[in-house]
Amino acid sequence: MKIKKIEIGENLFGKNDEIARENSELLQKYNILSLNLMGSPGSGKTSILELTIRKLKEKNITCGVIEGDIAGTFDSERISLLEVPVVQINTGGACHLEAMMIKKGMEQLTLNEIKVLFVENVGNLVCPAEFKLGIKYNVTVASITEGEEKPLKYPLMYSVSQLVLLNKIDLLKAIDFDTEKFYQYARKTNPDIKIIPVSGKTGDSINQFVDFIEEQLLIQ
Ligand SMILES: Nc1nc2c(ncn2[C@@H]2O[C@H](COP(=O)(O)OP(=O)(O)OP(=O)(O)O)[C@@H](O)[C@H]2O)c(=O)[nH]1
Ligand SMILES: [Mg+2]
């Protein structure tokens, strides 16, 4: 599928929260469930998206993707192989996506053909959490290779997220990672946070994320 690409110039930065509200209204109008995947570079956001989209496609749930990166089209190329509409946003240096970028991205998509919109934010555990996008669910993709203390070191990311996908659990035997402590730290930062351990490599427990998405679609 052809990738649509947007390069961001300075003129797109502006009244972020107001535009985020407009994005949210537009998504509600089209009855689209939206999820914003955030996390460190390489935590596994695109891998999880690939597995999840495959499973949603099998269930005839149509998806669209907005990929955010500072530069390059690596991730949108991966997603386009799944034959889903994808827009690549290159921020040209900014370490996060902003609401105006999502607005521009959505203009490139046929919204009435999409049930679930995924946003993959720029790989970064700090800045993406600071900018509202108008996307309904914030999902932190954390990998066990990052260490269990990250929820306490980067609390904003965890406090703005409703869900954590704890990724790379296939490596648990090779890495000193204290899962109990991770849960404890994540819940200390955000008592309501839901955590699903997954593997973006083996596909382990990706079904639980798919179930979460289907549950949210029912209550849209
Ligand atoms: N062992 C293992 N490797 C994984 C898993 N998930 C992702 N990877 C690998 O981790 C690397 C980064 O994965 P990506 O999915 O590209 O990570 P990302 O978060 O999208 O990266 P950025 O978009 O650059 O921030 C790749 O080499 C993946 O194959 C996993 O669950 N287990
Ligand atoms: Mg990626």
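None of the values given here were measured: they were computed from a predicted structure.

Student: For this particular structure, what's the right way to read the coordination of the magnesium ion (ligand 2)?
Tutor: Ideal donor angles around a metal are set by the shape: a four-donor tetrahedron calls for 109.5 degrees, a six-donor octahedron for 90 or 180 degrees. Distances from the magnesium ion (ligand 2) to its protein donors, Thr46 (OG1), Asp75 (OD) and Glu120 (OE), fall at 2.0 to 2.1 Å. In the primary structure, the donors to the magnesium ion (ligand 2) are separated according to the pattern T-x28-D-x44-E. You can see Asp75 sitting in helix H3 (residues 74–80) and its partner Glu120 sitting in strand E5 (residues 116–120), a full 45 residues away along the chain. Take Glu120: its relative accessible area is 4%, and that puts it in the buried class.

Student: Which parts of the structure should I look at to understand the pairing of strand E4 (residues 86–90)?
Tutor: Where burial is concerned, most of E4 is hidden: five out of the five residues are buried. Where burial is concerned, the two faces of E4 agree: the one with Val86, Gln88 and Asn90 and the one with Val87 and Ile89 are both buried. In this sheet, E4 lies alongside strand E3 (residues 63–69) in parallel orientation, the contact comprising five bridges. Bridge pairing in E4 links Asp69 to Asn90. Taken together, E3, H3 and E4 constitute a β-α-β crossover, and its handedness is right-handed.

Student: I'm lost on helix H2 (residues 45–58) in this one. Help?
Tutor: Between its first and last C-alpha atoms H2 spans 20 Å; for 14 residues at 1.5 Å apiece the expected length is 20 Å, and the two agree. Listing the buried residues of H2 in full gives Lys45, Thr46, Ile48, Leu49, Glu50, Leu51, Thr52, Ile53 and Leu56. At the exit of H2 stands Asn60, carrying a positive phi of roughly 60 degrees.

Student: I would appreciate a short explanation of the site of ligand 1 in the present structure.
Tutor: Around ligand 1, 19 residues are found, and the nearest of them are Lys45, Thr46, Ser47, Asp170 and Gly200. Asp170 is positioned with one of its side-chain polar atoms (N or O) 2.7 Å from a nitrogen atom of ligand 1. Burial of ligand 1 by the surrounding chains reaches 71%, relative to a free accessible area of 650 Å². Contributing elements (two or more residues each) for the shell around ligand 1: H2 and H3. Ranked by the residues each element gives to the shell around ligand 1, the list is headed by H2, at three residues.

Student: Can you walk me through the pattern of salt bridges in this structure?
Tutor: Where charged atoms from two side chains of opposite charge come close, those side chains can pair. Tallied over the entire structure, the rule returns five salt bridges. Two residues, Lys59 and Glu214, come together in a salt bridge whose shortest N-O distance is 3.2 Å. Here the residue Lys59 occupies a position in the loop between H2 and E3, and Glu214 occupies one in helix H8 (residues 206–218), the gap between them amounting to 155 residues. A salt bridge links Arg78 to Asp75, with the nearest nitrogen and oxygen atoms 3.9 Å apart. One end of the pair, Arg78, and the other, Asp75, are both in helix H3, three residues apart, so they sit about a helical turn from each other. According to the relative accessible area criterion, Arg78 is partly exposed, its value standing at 30%.

Student: When you look at the environment of Met157 in this model, what are you seeing that I'm missing?
Tutor: Here Met157 shows up in helix H6 (residues 155–159). When the C-alpha positions of Met157 and Val139 are compared, they lie 9.1 Å apart, and in sequence the two are 18 residues distant. The contact partners of Met157, leaving out residues within four places of it in the chain, are Met38, Asn124, Leu125, Val126, Pro128, Ala129 and Thr140.

Student: How should I be thinking about the environment of Phe209 in this particular structure?
Tutor: Within the secondary structure layout, Phe209 lies in helix H8. Residues Phe209 and Ile48, spaced 161 residues apart in sequence, show a C-alpha to C-alpha distance of 9.3 Å. The contact partners of Phe209, leaving out residues within four places of it in the chain, are Leu35, Ile48, Thr52, Phe118, Leu163, Leu165 and Ile196.

Student: Sorry, what's going on with the packing of helix H1 (residues 16–29) against helix H4 (residues 99–107) here?
Tutor: Between two packed helices, both the angle of their axes relative to each other and the distance between the axes serve to describe the pair. With their axes 8 Å apart at the nearest point, H1 and H4 run at an angle of 35 degrees to one another. The chirality of how H1 crosses H4 is left-handed. Listed contacts from H4 to Asn16, Ile19, Ala20, Glu22, Asn23, Leu26 and Leu27 of H1 are Ala99, Met100, Ile102, Lys103 and Met106. Here the residues of the contact of H1 with H4 sort into eight nonpolar, two polar and two charged.

Conventions used here
Throughout this document, residue positions are counted from 1 along each chain, in the order its sequence is written. Lettering of chains starts at A and numbering of ligands starts at 1, both following the order in which they are written. Only residues with pLDDT of 70 or above have their local features reported here, since the model is predicted, and side-chain atom pairs are shown and tallied only from 80 upward, although totals for entire chains, interfaces and linings are computed over all residues. For the side-chain quantities, the full set of heavy atoms in the structure was used; hydrogens and water were omitted. Keep in mind that water is not among the atoms, so a site may look incomplete; donors are the N, O and S atoms within 2.8 Å of the metal, or 3.2 Å for Na, K and Ca. Labels follow the DSSP assignment, with helices taken as runs of H or I lasting at least four residues and strands as runs of E lasting at least two, numbered in each case from the N terminus. In this scheme, a residue with accessible area under 20% of its type's maximum is buried, one over 50% is exposed, and one in between is partly exposed, where area comes from a 1.4 Å probe on protein chains only. Strand pairing is defined by DSSP finding a minimum of two bridges between the two strands. By definition, the crossover connecting two strands over a helix is right-handed if that path, from the first strand to the second, turns clockwise as seen with the strands pointing away from the viewer. Between the first and last residue of a helix there are one fewer steps than residues, each counted as 1.5 Å, and that sum is the expected span. Nearness is defined per residue: one heavy atom within 4 Å of the molecule or strand is enough. Between N or O atoms, a polar contact is any pair within 3.5 Å; within protein, one atom must be a potential hydrogen donor and the other a potential acceptor, and residues adjacent in sequence are included only when both atoms are from side chains. In short, Shrake-Rupley with a 1.4 Å probe defines the accessible areas, and a residue's cover is counted only from the protein chains shown. Think of a salt bridge as a Lys or Arg side-chain nitrogen and an Asp or Glu carboxyl oxygen that are within 4 Å of each other. When checking whether two residues touch, look at their non-hydrogen atoms; a contact exists if any pair is within 4.5 Å. Only the stretch in contact is used when a helix axis is fitted, and all axes are lines through C-alpha atoms; the angle between N-to-C directions ranges over 0 to 180 degrees. Rotating anticlockwise by less than a right angle from the far helix to the near helix defines a left-handed crossing, while the corresponding clockwise rotation defines a right-handed one. Residue polarity is assigned by list, with Asp, Glu, Lys and Arg as charged and Ala, Val, Leu, Ile, Met, Phe, Trp, Tyr, Cys and Pro as nonpolar; anything else, Gly included, falls into the polar class.

These results come straight from atomic positions and should not be treated as a statement about function.
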